[in-house]
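Structure at a glance
The primary structure of each chain is shown beneath.
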Amino acid sequence: MNSTGPATAANRCVCYLTQVPCPICCFGQVADPECRSVAARAAKELNRVANEGQTVPPKKADLAVVAAALKELIAARNPSVAGDAVFAATLSYVASLSATLQDTKIFDFDEWNGVAVTPYLATFMGEEDAEAVTRAYLARAVEEAEREAAANAPIEEEGEELCNCEFSLAYGAKILLNNATMRLIRGRRYGLCGPNGVGKSTLMRAIANGQVCAVIHDLSSTFIHRLVVLGMVPHLPL
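Residues numbered from 1 in each chain as written. Predicted model: local features only at pLDDT ≥ 70, side-chain atom pairs only at ≥ 80, totals over all residues. Heavy atoms only, no water.

As for the packing of helix H6 (residues 109–116) against helix H7 (residues 118–125)
Relative orientation of the contacting elements H6 and H7 amounts to 50°, with a least axis distance of 5 Å. Compared by their axis directions, H6 and H7 come out oblique. Judged by residue contacts, Trp-112, Asn-113, Gly-114, Val-115 and Ala-116 of H6 engage Thr-118, Pro-119 and Tyr-120 from H7. Class assignment of the residues belonging to the contact of H6 with H7 gives a composition of 5 nonpolar, 3 polar and no charged. (Axes fitted to C-alpha atoms, helices over the stretch in contact; angles between N-to-C directions. Helix = DSSP H or I, 4+ residues; strand = E, 2+ residues; numbered from the N terminus. Parallel < 35°, antiparallel > 145°, perpendicular 65-115°, else oblique. Contact = heavy atoms within 4.5 Å. Nonpolar A, V, L, I, M, F, W, Y, C, P; charged D, E, K, R; others polar.)

Topic: the pairing of strand S1 (residues 161–171)
Pairing analysis gives 9 bridges linking S1 to strand S2 (residues 174–185), with the strands arranged antiparallel. Each residue of the ladder has a partner; that of Glu-166, found in S2, is Thr-181. Hairpin connection between S1 and S2: a loop of 2 residues separates the two successive antiparallel strands, and Gly-172 in this loop has a positive phi of roughly 65°. (Pairing = 2+ DSSP bridges.)

Section: the nonpolar core
Counting 26 residues, the largest nonpolar core has Leu-70, Ile-74, Trp-112, Leu-121, Met-125, Val-133 and Tyr-137 as its most contacted members. Elements that contribute at least two residues to this core include exactly helix H3 (63–77), helix H4 (79–82), helix H5 (87–103), H6, H7 and helix H8 (127–152). Of all hydrophobic cores here, the second largest spans 14 residues; its members include Leu-162, Leu-176, Met-182 and Val-212. (Core = buried A, V, L, I, M, F, W, Y, C linked by side-chain atoms within 4.5 Å. Buried < 20%, exposed > 50% of the residue type's maximum accessible area, 1.4 Å probe, protein only.)

Quick look at the side chain of Asn-78
Tracing the sequence through the fold places Asn-78 in the loop between H3 and H4. Looking at Asn-78, the relative accessible area reads 17%, which means it is buried. A polar atom in the side chain of Asn-78 sits 2.7 Å from the side chain of Ser-80. (Polar contact = N/O pair within 3.5 Å; in protein donor to acceptor, adjacent residues only side chain to side chain.)

Notes on the packing of aromatic side chains
With the rule as written, the count across this model stands at 3 aromatic pairs. Taking 5.0 Å as the distance between ring centres and 65° as the angle between the ring planes, the aromatic pair formed by Phe-87 and Phe-124 counts as edge-to-face. Within this pair, whereas Phe-87 is found in helix H5, its partner Phe-124 is found in helix H7, the two being separated by 37 residues in sequence. For Phe-124, a relative accessible area of 29% gives the class partly exposed. Arranged with centres 6.0 Å apart and planes meeting at 35°, the rings of Trp-112 and Tyr-137 form a pair that is tilted. Taken together, the positions of Trp-112 in helix H6 and Tyr-137 in helix H8 put the pair 25 residues apart, joining distant regions of the chain. A relative accessible area of 1% places Trp-112 in the buried class. Residue Tyr-137 is classed as buried on the basis of its relative accessible area of 6%. When the ring centre of Phe-109 is taken as reference, the NZ or CZ atom of Arg-135 above it lies at 4.0 Å. (Phe/Tyr/Trp six-rings, centres within 6.5 Å; stacked < 30°, edge-to-face > 60°. Lys NZ or Arg CZ within 6 Å of the ring centre and 35° of its normal.)

Things to note about unusual backbone geometry
Comment: phi is negative for the bulk of residues other than glycine, and the bulk of peptide bonds are trans. Although it is not a glycine, Lys-105 sits at a positive phi angle of roughly 60°. Structurally, Lys-105 is set in the loop between H5 and H6. A relative accessible area of 47% places Lys-105 in the partly exposed class.

Examining H7
Residues Thr-118, Leu-121, Ala-122 and Met-125 constitute the buried set of H7. In an axial view of H7, the angular spread of the buried residues amounts to 110°, which keeps them on one side of the axis. Just downstream of H7 lies Gly-126, where phi reads positive at about 90°. (Arc of directions from axis to C-beta.)

And the structure:
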């Protein structure tokens, strides 16, 4: 294999380090068609995982859209304030605060009402109207966040669940996983990838001992420890 090729997850596999071809990187040269198919899917998954750090950052609230929405709600209760030129600077500031709260997923009403929005609006339109505007805009922000979360939610596989749980894992005083989730479907094959020292073996032992998901009754310790190393992505840049 040519180690000077593109820096994909496939050519950052084990054979990049050992110079010994492996089925994942060289799946096109394997005679067995089933092996080629499995290795091709493995290479595709490795590339997907390697590129996760390069995904598009989360969508941020548009200040102009936030300001326009706030102005619309304010105008519905007090038209003279919405058209006030002096109020425009305050509206811009309140919009920036609201956008920041949306981007950081802070939807606690007391935060919006007591600190970020209502106190500034109340100076111009009174406490009652200011709080009403805050509640109305916050409801819109929550609805938008829920739509975005639903659109980005992973598609769950269908099938009989062997495990669907949340857990934490530690090795001595070192926290390895905190509030992690795991869902396993009968008949599926799963890979556990990660650099040395992150807790792969500790997790496998915890699963085998029933510490992670007690409902897994029919997986023996011997079966769980049959781990196939598909490949690795080194820490150092190529």
